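Residue-level structure breakdown
Residues per chain are reported as follows:
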Amino acid sequence: MKKIISPSILGGAFSNMERTITDLNKSKAEYIHFDVMDGDFVPNLTFGPKFISDLRSKSKKIFDVHLMINRVNKYLDDYIKAGSNIITFHYEINENLNEIINKIKLNKVKAGIAIKPKTPWQEIKKYLHLFDQVIVMTVEPGFGGQSFLYDQIKKIESISNYIKENNLDVDIEIDGGINYETGKLCVDAGANILVAGSFLFEQRDLTKAADKLNDYFN
Ligand code: DX5
Ligand code: ZN
């Protein structure tokens, strides 16, 4: 199965985001990962829908939008209108999941569910079939550049087995601390999409770094 790389622009300078998008456009990465944080669901603030919509015209890549926010239902329309192709929200928010999924799907956008490291995977079991992807967080959401949590590998394996056993069409995306070594462990455990932030941006040439990571897994 083909592996997809989703570079997280959180690792790039916000003052020069057009450059980051241009560099990623030239790469083999199929997705671009946008980390939306509200300073409430997570202890950090990033950007909102205008930022995404302003960059939409600069790229044909799949915009993989990861909402780390509360009040998803309230702001969902704005993220749909901004041009998101996939919208992933967190299971841990206190809202009606079905209402959110329905609204996303009605607008022909793909829907994802994300779980924090401490959330047992069994809690999302009964919802998995409703989603196009699940994001397994391998760091506490909120900041780039954290160390990969190895104890999440078992969770990836369990979710992957459940998806296979039940013949579901759900991608497994891993987010946090991804590099060659940790990415390989995730892929071996059943993941097919890898988010990578600081690992790519620490390298001199972003386009080449994204290509190398893509080629390593394909
Ligand atoms: C963390 C974000 C991640 C982050 C990944 O809350 O969801 O997408 O940008 O960055 P790295 O690869 O540096 O862990
Ligand atoms: Zn993310």
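Scroll up to find the structure this text is about.
Residues numbered from 1 in each chain as written. Chains lettered and ligands numbered in written order. Predicted model: local features only at pLDDT ≥ 70, side-chain atom pairs only at ≥ 80, totals over all residues. Heavy atoms only, no water.

Observations concerning the packing of aromatic side chains
Inclusion rule: Pairs were defined over the aromatic rings of Phe, Tyr and Trp, the Trp ring being its six-membered one, requiring ring centres within 6.5 Å. Orientation was assigned from the angle between planes: stacked under 30 degrees, edge-to-face over 60, tilted for the rest. Each helix is a run of H or I in the DSSP string that is no shorter than four residues. Each strand is a run of E no shorter than two, and both are numbered from the N terminus.
Tallied over the entire structure, the rule returns 12 aromatic pairs. With a centroid separation of 6.3 Å and an interplanar angle of 45°, the aromatic rings of Tyr 91 and Tyr 127 are classed as tilted. You can see Tyr 91 sitting in the loop between β4 (86-90) and α4 (97-106) and its partner Tyr 127 sitting in the loop between β5 (110-115) and β6 (133-137), a full 36 residues away along the chain. Between Phe 148 and Tyr 150 the ring centres are 5.0 Å apart and the planes differ by 75°, which places this aromatic pair in the edge-to-face class.

A few points about the nonpolar core
Where we set the bar: We call a set of buried residues a nonpolar core when its members are Ala, Val, Leu, Ile, Met, Phe, Trp, Tyr or Cys and they connect through side-chain atoms within 4.5 Å of each other. Working definition: with a 1.4 Å probe on protein chains only, accessible area under 20% of the residue-type maximum means buried, over 50% means exposed, and in between means partly exposed. Note on contacts: a residue pair qualifies if any of its non-hydrogen atoms lie within 4.5 Å across the two residues.
Phe 34, Phe 89 and Ile 174 are the most contacted members of the largest nonpolar core, which has 68 residues in total. In this view, Ile 174 contacts Val 136, Thr 138, Phe 148, Ile 156, Cys 186, Ala 191, Ile 193, Leu 194 and Val 195; residues no more than four positions away in its chain are not counted.

Quick notes on the site of ligand 1
Defined as follows: We call a residue near a given molecule or strand whenever any one of its heavy atoms falls within 4 Å of it. As used in this structure description, the phrase polar contact means that two N or O atoms lie within 3.5 Å; if the pair is within protein, one of them must be able to donate a hydrogen and the other to accept it, and residues adjacent in sequence are counted only when both atoms belong to side chains. Side-chain classes are defined by residue name, with Ala, Val, Leu, Ile, Met, Phe, Trp, Tyr, Cys and Pro counting as nonpolar, Asp, Glu, Lys and Arg as charged, and the others, Gly among them, as polar.
In the vicinity of ligand 1 lie 20 residues, with Asp 35, Gly 142, Gly 145, Asp 175 and Ser 198 positioned nearest. Within the backbone of Gly 177, a nitrogen or oxygen atom sits 2.8 Å from an oxygen atom of ligand 1. When contributions to the shell around ligand 1 are tallied by element, the ones reaching two or more residues are β2 (31-37), β3 (62-68) and β8 (193-196). Considering every element that reaches the shell around ligand 1, the biggest residue donor is β2, with three residues. Here the residues of the shell around ligand 1 sort into eight nonpolar, 10 polar and two charged.

Quick look at the sheet that holds strand β7 (residues 171-175)
Applicable threshold: If DSSP finds at least two bridges between two strands, the strands pair. Note on geometry: axes are lines fitted to C-alpha atoms, helical ones only across the stretch in contact, with angles between N-to-C directions running from 0 to 180 degrees.
Judged by pairing direction, the sheet is parallel, and its eight strands sit side by side in the order β1-β8-β7-β6-β5-β4-β3-β2 without closing on themselves. Sheet topology places β1 (4-7) and β2 at the edges, where each strand pairs with a single neighbour. Each strand of the sheet is rotated relative to its neighbour by a mean of 25°, with strand direction disregarded. Of the strand pairs in this sheet, β1 and β8 are connected by four bridges, and their pairing is parallel. Bridging across to β8, Pro 7 finds its partner in Ala 196.

Points about the packing of helix α6 (residues 180-189) against helix α8 (residues 206-217)
Convention followed: For a crossing to be left-handed, the near helix must be turned anticlockwise from the far one by less than a right angle; the clockwise case is right-handed.
In the contact formed by α6 and α8, the axes pass within 11 Å of each other and the chain directions differ by 35°. In the packing of α6 onto α8, the handedness of the crossing is right-handed. On α8, the residues that touch Tyr 180, Gly 183, Lys 184 and Val 187 of α6 are Lys 212, Leu 213, Tyr 216 and Phe 217. Its residues placed into classes, the contact of α6 with α8 shows five nonpolar, one polar and two charged.

Looking at the coordination of the zinc ion (ligand 2)
This is how it is decided: Each metal site is built from N, O and S donor atoms within 2.8 Å (3.2 Å for Na, K and Ca), and since water is not included, such sites may look incomplete. Any coordination sphere not matching a tetrahedral pattern (four donors, all angles between 85 and 135 degrees) or a square planar or octahedral pattern (four or six donors, opposite donors over 155 degrees apart, other angles between 65 and 115) is reported as irregular.
For the zinc ion (ligand 2), the protein coordination sphere consists of His 33 (NE2), Asp 35 (OD), His 66 (ND1) and Asp 175 (OD), at 2.0 to 2.3 Å. Around the zinc ion (ligand 2), the six donor atoms are arranged such that angles at the metal cover 68 to 166°; this shape is classified as octahedral. Mapping the donors of the zinc ion (ligand 2) onto the primary sequence yields the spacing H-x1-D-x30-H-x108-D. Here the residue Asp 35 occupies a position in strand β2, and His 66 occupies one in strand β3, the gap between them amounting to 31 residues. Judged on exposure class, the residue Asp 35 and its partner His 66 are both buried.

Some thoughts on the pairing of β2
To keep it simple, the criterion reads: Crossovers are described as right-handed under a simple rule: with the strands pointing away from the observer, the path leading from the first strand over the helix to the second runs clockwise.
Counting buried residues along β2, seven of its seven residues qualify, which places the element largely inside the surrounding structure. One ladder, built from seven bridges, connects β2 with β3; its direction is parallel. Across the sheet, Phe 34 pairs through a bridge with Val 65, a residue of β3. In this region the chain leaves β2, passes through helix α2 (residues 49-56) and returns to the parallel neighbour β3; the handedness of that crossover is right-handed.

Some words on the pairing of β6
Buried residues dominate β6, accounting for five of its five residues. Because side chains alternate across β6, one face comprises the buried residues Gln 133, Ile 135 and Met 137, and the other comprises Val 134 and Val 136, equally buried. Bridge analysis of β5 against β6 gives four bridges, and the strand direction is parallel. Looking at the pairing, Gly 112 lines up with Gln 133 of β6. In the sheet, β6 pairs with β7 via five bridges, with the strands oriented parallel.

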